[in-house]
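An overview of the molecular structure
Chain by chain, the residues run as shown.
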Amino acid sequence: MLDTLINMFPEAVRPYVMPILAIVIVLNVNLGVCSYLILLERKLSAWMQDRHGPNRVGPFGLLQPVADMLKLLLKEDVIPGHVNKFLFVLAPGISVFTTFLAFAVVPFGPVPTALNPAEGQYAFPFIIAPGVDLGIVFIFAIGSLAVYGIILGGWASNNKYSALGCLRASAQVVSYEIPLGMSVVGLAILNSSMSIEKILINQASQGLIGWNIWVQPVACVIFFIAAMAEAQRLPFDLAECEQELIGGWHTEYSAMKWGLFFLAEYTHVITISFLTSILFFGGWHFPLIAEVDSAYAGATIVKVLVLLTKVFAVIIVIQMLRWTIPRFRFDQLMSLAWKGLIPLATVNVLLVMTVKQFDLHTLWLFPLSIATFVAAGLMATQSSRPFARRAVADPQGGHGQWGHGHEDHGHGGHDHDHGGHAHGGHHAHAH
């Protein structure tokens, strides 16, 4: 149907109609999907916590996103007097623009491999910018710019909590960009390309056994964790944790400017889900019903539905993790990146280079990757044991020494006041 619509236009404008149509579809669908993903997450969290969730607006609460959007639109748009107004307003726009721009090279269906413009016939591309050979690099480069919106928003707020939040966000993104980039180096070596479209086609042409999850399981885990950290999703939302920073970098924001930040976050989640499905789980490919040579009526629709089903499954995992794993401390967050993911990603790249150098079958990477993952887990367990033994040997953590000091001090009968307690030996023991 979309192909017919495109070919209805004059031939001279058809090359321009395709990307414009793709942009319109992506923007409008994404806005609606983000609204209902919020409802899905609220319903899912309610189910996990044995609650009802939103069920008042519309049947089964299905109109709750509409009510939320109306609330954001009608709410007073407050700009505090102490902020840098230009940067304060600019920051949400930067976050939304960069996350939408990163989606430009992500295919959301089977990209036609052989168009024949010479005959004037064009097919809908299912991608905004097809044929970008460095698609993965483009996504990482643009996606990393989204943190500038957070940094500018936190700094422009002229608020200490916001400033701490934006500093945490910058440190977090810088740290997790390294394992995120290294996780796809093995894919680039195995597929001899950094084009997302070519990586997808290479998997689909080899069937189920050709999915990259079988040869790069460790890379998949590293990519998923690092991408979630870049998206500031819990348990990686240290930049806005309410127990410490009120709202973090968005403390001073309200109404639609606040909403734009979270539109950017959910768009980032959608992009992560698409990339995980395409790079590691075959994209639109599924045995028997969605093959490279599938040409039956409705095959294109089936391929799109297969990809969207995989994307939906990844989104559900991301949302369930939010209500399953508690938030990290900041030192744990940094240790996971520098002491865990980066060494693991380096070993994974070395394994891929070794297999390619000695011309081994790529399926050897599966047991090697699993062995590497298990070895890393054992090493992490062993390294934590000295701290556990230290805690058992000194359960009071040094407080006993201070307690004795207060006791001796009390027995000495000096006339110093200890928080309003009396100075006799008996009261020193009580203190």
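Starting from 1, residues in each chain are numbered consecutively following that chain's sequence as written. This being a predicted model, a pLDDT of at least 70 is required before a residue's local features are given, and a value of 80 or more before pairs of side-chain atoms are given or counted; all residues contribute to the totals for chains, interfaces and linings. With hydrogens and water stripped out, all remaining heavy atoms of the structure feed into the side-chain values.

1. Digging into the pattern of salt bridges
Condition: Any carboxyl oxygen of Asp or Glu that lies within 4 Å of a side-chain nitrogen of Lys or Arg is treated as forming a salt bridge with it. Secondary structure elements follow DSSP: runs of H or I of four or more residues count as helices, runs of E of two or more count as strands, with numbering from the N terminus. Here's how the labels work: a residue is buried when its accessible area is under 20% of the maximum for its type, exposed when over 50%, partly exposed in between, all with a 1.4 Å probe on protein chains only.
Across all of its chains, the model carries 8 salt bridges by this definition. Asp 133 is paired through a salt bridge with Lys 198; the nearest N and O atoms lie 3.7 Å apart. Of this pair, Asp 133 sits in the loop between α4 (85–102) and α5 (135–156) while Lys 198 sits in helix α8 (residues 196–206), placing them 65 residues apart in sequence. With a closest N to O distance of 3.1 Å, Arg 233 and Glu 265 form a salt bridge. Taken as a pair, Arg 233 in the loop between α9 (217–230) and α10 (242–245) and Glu 265 in helix α11 (residues 255–280) lie far apart in primary sequence, 32 residues in all. Taking relative accessible area as the criterion, Arg 233 reaches 2% and is therefore assigned buried. Residue Glu 265 is classed as buried on the basis of its relative accessible area of 11%. Connected through shared salt-bridge partners, Glu 41, Arg 233, Glu 265 and Arg 322 make up one network.

2. Here we look at the environment of Leu 363
Worth spelling out the cut-off: In this analysis, two residues are considered to be in contact whenever any of their non-hydrogen atoms come within 4.5 Å of each other.
By the secondary structure assignment, Leu 363 is in the loop between α13 (330–357) and α14 (365–393). The exposure class assigned to Leu 363 is partly exposed, which follows from its relative accessible area of 34%. Sequence separation of Leu 363 and Asn 212 is 151 residues, and the distance between their C-alpha atoms is 9.8 Å. When near neighbours in sequence (up to four residues on either side) are disregarded, Leu 363 contacts Ile 209, Trp 214 and Val 215.

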